[in-house]
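Below, each chain spelled out in residue letters.
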Amino acid sequence: MQASTDTWSELEAQITACRRCPRLVAWREKTAQERRRAYRQGESWGRPVPGFGDRRARVLVVGLAPGAHGANRTGRMFTGDASGDFLYGALYRAGFCNQPYSRSIEDGLMVKDLFISAVCRCAPPANKPTPAEIQNCLPYLGREYRLLESLQGIVTLGQIAFDQTLRLLRQMGHAVAPLEFAHGAFYTLEAGLPWILASYHPSRQNTQTGRLTQAMFDEIWVKVGQLLELNS
């Protein structure tokens, strides 16, 4: 792992220029060029997506990867698709952002106390990055983690985000025991490490089937607020 000598601007420049995974490069660029009819106006991002949010955040939010027609199109995490609408709606209700939607990088969205990132920075085919692609990308999350100097907790959205966050901490040299993923599962780790709160991912597959309801997701962010209040 790289030492924490990064600046935010240096890290973002390296992320957006990354071409380490040929399959993902081809897919993200093809998807950006062959846009759905509803998105044909304006330019499409089609590059890796850096994290977004409050750089003084006390909570890191980790998703899986940019959506093909969401962040891959707009250039901002959870922006421009149904998953983003579900996420930012919940964050707005909990007081973590100033508006309940995220349409584009120019829509005025501001996030407080959260930094929103992902395991992978390129949109993968069928939302399924390979183990090698995950390993290539995970160090970027580690570098963001190190830059978040006030970090108290991590919210993982989905099992892959949960598993890979634990993997990252172990790669950093921390003795993190095997933990079980479940929606709402909360874990405190060794001294000096952030707590972890697990949630189902706000994907359409989960929200449209009722596996993840608005009430269930709101409970996650209420819990985050309570944890921060305890340590304020």
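Conventions used here
- Residues numbered from 1 in each chain as written.
- Predicted model: local features only at pLDDT ≥ 70, side-chain atom pairs only at ≥ 80, totals over all residues.
- Heavy atoms only, no water.
- 1 Å grid on protein atoms, 1.4 Å probe; cavity = no way out; pocket = protein on both sides within 12 Å on 5 of 7 lines; lining within 4 Å.
- Points joined across faces, edges and corners; volume = space filled by probe spheres on them.
- Helix = DSSP H or I, 4+ residues; strand = E, 2+ residues; numbered from the N terminus.
- Nonpolar A, V, L, I, M, F, W, Y, C, P; charged D, E, K, R; others polar.
- Buried < 20%, exposed > 50% of the residue type's maximum accessible area, 1.4 Å probe, protein only.
- Pairing = 2+ DSSP bridges.
- Axes fitted to C-alpha atoms, helices over the stretch in contact; angles between N-to-C directions.
- Parallel < 35°, antiparallel > 145°, perpendicular 65-115°, else oblique.
- Left-handed = near helix turned anticlockwise from the far one by under 90°.
- Contact = heavy atoms within 4.5 Å.
- Polar contact = N/O pair within 3.5 Å; in protein donor to acceptor, adjacent residues only side chain to side chain.
- Core = buried A, V, L, I, M, F, W, Y, C linked by side-chain atoms within 4.5 Å.

(A) Region of the structure containing empty space enclosed by the protein. By the definition in use, this model includes one cavity of 30 Å³ or more. Size it by volume and the largest cavity reaches roughly 110 Å³. Only α2 (22–33) and α5 (131–147) provide two or more residues apiece to the lining of the largest cavity. No other element matches the four residues that α5 contributes to the lining of the largest cavity. Of the residues contributing to the lining of the largest cavity, the split by class is nine nonpolar, one polar and five charged.

(B) Up close: the pairing of strand β6 (residues 195–199). Here β6 lies mainly inside the structure; five of its five residues are buried. The alternating pattern of β6 places Trp195, Leu197 and Ser199 on one face and Ile196 and Ala198 on the opposite face, and all of these are buried. Pairing between strand β4 (residues 153–157) and β6: five bridges, direction parallel. Directly across from Leu157, in β6, lies its bridge partner Ser199. The pairing of strand β5 (residues 186–187) with β6 spans two bridges and is classified as antiparallel. Bridging from a neighbouring strand, Tyr187 pairs with Ile196 of β6.

(C) Examining the packing of helix α1 (residues 8–16) against α5 more closely. Orientation of α1 relative to α5, taken along the N-to-C sense of each, is 170°, at an axis distance of 11 Å. Our classification of the angle between α1 and α5 gives roughly antiparallel. Between α1 and α5 the crossing geometry is left-handed. Residues Trp8, Leu11, Gln14 and Ile15 of α1 lie in contact with α5, whose contacting residues are Tyr140, Arg143, Glu144 and Leu147. Looking at the contact of α1 with α5 residue by residue, the class counts come to five nonpolar, one polar and two charged.

(D) Expanded view of the side chain of Arg121. Tracing the sequence through the fold places Arg121 in the loop between β3 (114–118) and α5. A distance of 2.9 Å separates a polar atom in the side chain of Arg121 from a polar atom in the side chain of Ser117. There is a polar contact of 3.1 Å between the side chain of Arg121 and the backbone oxygen of Ala118. When neighbours within four sequence positions are excluded, Arg121 is seen to be in contact with Ile15, Arg47, Pro48, Val49, Pro50, Gly51, Pro66, Met77, Cys137, Tyr140, Leu141 and Glu144.

(E) The nonpolar core, seen in detail. Within the largest apolar cluster, 64 residues are counted, with the highest numbers of intra-cluster contacts made by Leu60, Tyr88, Leu91, Val155, Trp221 and Val224. Among residues more than four places away in sequence, those in contact with Val155 are Val59, Leu60, Val61, Val62, Trp195, Leu197, Ile220, Trp221 and Val224.

(F) Spotlight on the side chain of Asn206. For Asn206, the position within the fold is in helix α7 (residues 204–207). Judged by its relative accessible area of 9%, Asn206 is buried. The contact partners of Asn206, leaving out residues within four places of it in the chain, are Tyr200, His201, Arg211 and Leu212.

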